[in-house]
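Spelled out from the first residue to the last, the chains are:
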Amino acid sequence: MTTISAPPTRRLGALRDVGTGIAAVGVKELRGRMRGRRAFIVLTVHLLIVAGFAWMIETLAERSYTGGFNGNSVSASAEIGRQLFSALIMLLTLIVLVLAPASTAGAISLEREKQTLDLLTTTPISSLAIILGKLLSALSWVFLLLLASIPVTALVFTFGGVGPEDLVRAYVILFATAIAFGSMGLFVSAFVKRTQAATVINLVLTIVLTAGATFIFAFWSAMTANGMLPNQVVGRNDSIVETLTRRPPEALLYFNPFVAQLDVICGTETGFGGTCSIIAAITDFDAVVNGNIGDQGFGIDKDTFWPRAVAAMLVAAAMLVMMAVQFVAPTRRWRLRRHRPRAPTPIEEIA
């Protein structure tokens, strides 16, 4: 028995319908967000904050090298550039972590509160197009803020120590972070009925994925490095003891963009600096514990952690979007179907 697949024209038509729906929802949302003076005022304030922060960091770094201690350093300008780059990237990462989930927290819950979600789902626009349109329109504001900050961040090139490829890596992480945490906010908005509850849940999840995961990793690392016996804490369960005596998995920190940015900053260091020691403790924990940091290029392969973190965040974003579609679609949700026995017919009962 052969199966007949859908013709290519039908597939292209379905993709075209999804693209048209995304454009329709995105344009409608963008008009509401960009209408009036508020958007331009926020953009101006954002640039002033980033530029003022960059000026303060640059001033402090210059004074530290002209105060008599490091005034004769040949690489003073490059070091100032690296410090300025690190501070700006960390500031932008914090801004993305705050704005990305907040911008999507009310994307679906507000439609429910206004009782317009049912009207939106009855339109020819598919549920996938609604979700993607809401996500892209909300994140386009975050993307605009990131793109507007590029000229300020590019000022580090005047000092040296940082190359254009380092700036590209850092912004790839920023965009991936915006997509991942924006998708998380959209999923919570589709799952929760109230915008206030969705905002609080997004804040808690952001803290758990960043600070909470980092604390667990540090605690696990301290237990392993100090030779503590886990059975003194958790009991005599051999499986738990065997798990806790191993090195902590670096996957715990894949959703902490600050750690991924540290990997990029490590690539700008000429030697084994502070950020490289942190990345070494994450990616090559055994070498740090055994004192073999100096082996194989200081015990660390630079630019290896952040690509895995970006891939993990994008995969998680795709999964969250697909789950959000199921909470928006009024029909055709994914359900676990159980096989029910068929009732016998009268003829079968006689037989």
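Residues numbered from 1 in each chain as written. Predicted model: local features only at pLDDT ≥ 70, side-chain atom pairs only at ≥ 80, totals over all residues. Heavy atoms only, no water.

Caption draft 1: Structural view of empty space enclosed by the protein. Considering all chains together, one arrives at 1 cavity of 30 Å³ or more under this definition. If you trace the largest cavity, you find it lined by H46, L92, I95, V96, L99, V142, L145 and L146. Among the secondary structure elements, those contributing two or more residues to the lining of the largest cavity are α3 (76–104) and α6 (127–148). Broken down by element, the lining of the largest cavity gets its largest block of residues, 4 residues, from α3. (1 Å grid on protein atoms, 1.4 Å probe; cavity = no way out; pocket = protein on both sides within 12 Å on 5 of 7 lines; lining within 4 Å. Points joined across faces, edges and corners; volume = space filled by probe spheres on them. Helix = DSSP H or I, 4+ residues; strand = E, 2+ residues; numbered from the N terminus.)

Caption draft 2: Structural view of the packing of α6 against helix α8 (residues 164–191). Between α6 and α8, the shortest axis-to-axis distance is 10 Å and the interhelical angle comes to 145 degrees. Crossing of α6 against α8: the hand is right-handed. Between α6, through I131, K134, L135, L139, V142, F143, L146 and L147, and α8, the contact on the second element is made entirely by Y171, L174, F175, A178, I179, G182, S183 and L186. Tallied by class, the residues present in the contact of α6 with α8 amount to 13 nonpolar, 2 polar and 1 charged. (Axes fitted to C-alpha atoms, helices over the stretch in contact; angles between N-to-C directions. Left-handed = near helix turned anticlockwise from the far one by under 90°. Contact = heavy atoms within 4.5 Å. Nonpolar A, V, L, I, M, F, W, Y, C, P; charged D, E, K, R; others polar.)

Caption draft 3: Broad picture of the nonpolar core. In this structure, F85, V96, I108, I131 and F305 are the most contacted members of the largest nonpolar core, which totals 61 residues. Looking at this core, the elements with two or more residues in it are α2 (38–66), α3, α6, α8, α9 (195–225), α12 (257–268), α13 (274–283) and α16 (305–328). Sorting elements by how many residues they give to this core places α8 first, with 14 residues. Aside from chain neighbours lying at most four places away, what touches V96 is P101, V142, L146, L174, T177 and A178. (Core = buried A, V, L, I, M, F, W, Y, C linked by side-chain atoms within 4.5 Å. Buried < 20%, exposed > 50% of the residue type's maximum accessible area, 1.4 Å probe, protein only.)

Caption draft 4: Region of interest: the state of the cysteines. All told, the structure shown has 1 disulfide when counted by the stated rule. Each disulfide pairs two cysteine sulfurs, and for C266 the partner residue is C276, the sulfurs being separated by 2.0 Å. As the torsion about the S-S bond is roughly 105 degrees, the C266-C276 disulfide counts as right-handed. Of this pair, C266 sits in helix α12 while C276 sits in helix α13; the two residues are 10 residues apart in sequence, bridging distant segments of the chain. Across the pair, exposure class does not vary: C266 and C276 are buried alike. (Disulfide = S-S within 2.5 Å.)

Caption draft 5: Here's a closer look at the environment of K193. Here K193 shows up in the loop between α8 and α9. Classification of K193 by relative accessible area gives exposed; the value is 63%. When the C-alpha atoms of K193 and S109 are compared, they prove to be 5.3 Å apart, with 84 residues separating the residues in sequence. For K193, the residues in contact, after removing those within four places along its chain, are S109, R112 and E113.

Caption draft 6: Expanded view of a nonpolar patch on the surface. Residues I41, V45 and I49 make up a contiguous nonpolar surface patch of roughly 270 Å² in combined accessible area. The topology assignment puts I49 in helix α2. By relative accessible area, I49 is classed as partly exposed at 48%. (Patch = residues over 30% accessible without salt bridge, like charges linked within 9 Å, V, L, I, M, F, W, Y side chains within 5 Å. Areas by Shrake-Rupley, 256 points an atom, 1.4 Å probe, with all protein chains shown as cover. Salt bridge = Lys/Arg side-chain N within 4 Å of Asp/Glu carboxyl O.)

Caption draft 7: View of the side chain of S109. Tracing the sequence through the fold places S109 in helix α4 (residues 109–113). Polar contacts involving the side chain of S109 include one to the main-chain carbonyl oxygen of A105, which spans 3.2 Å. Polar side-chain contacts of S109 include one of 2.8 Å to the side chain of T195. If we skip the residues at most four places from it in the chain, S109 touches S189, V192, K193, R194 and T195. (Polar contact = N/O pair within 3.5 Å; in protein donor to acceptor, adjacent residues only side chain to side chain.)

Caption draft 8: The side chain of S137, seen in detail. Looking at the element boundaries, S137 is found in helix α6. Assessed through its relative accessible area of 2%, S137 is described here as buried. In terms of polar contacts, S137 uses its side chain to reach the backbone carbonyl oxygen of K134, at 3.0 Å.

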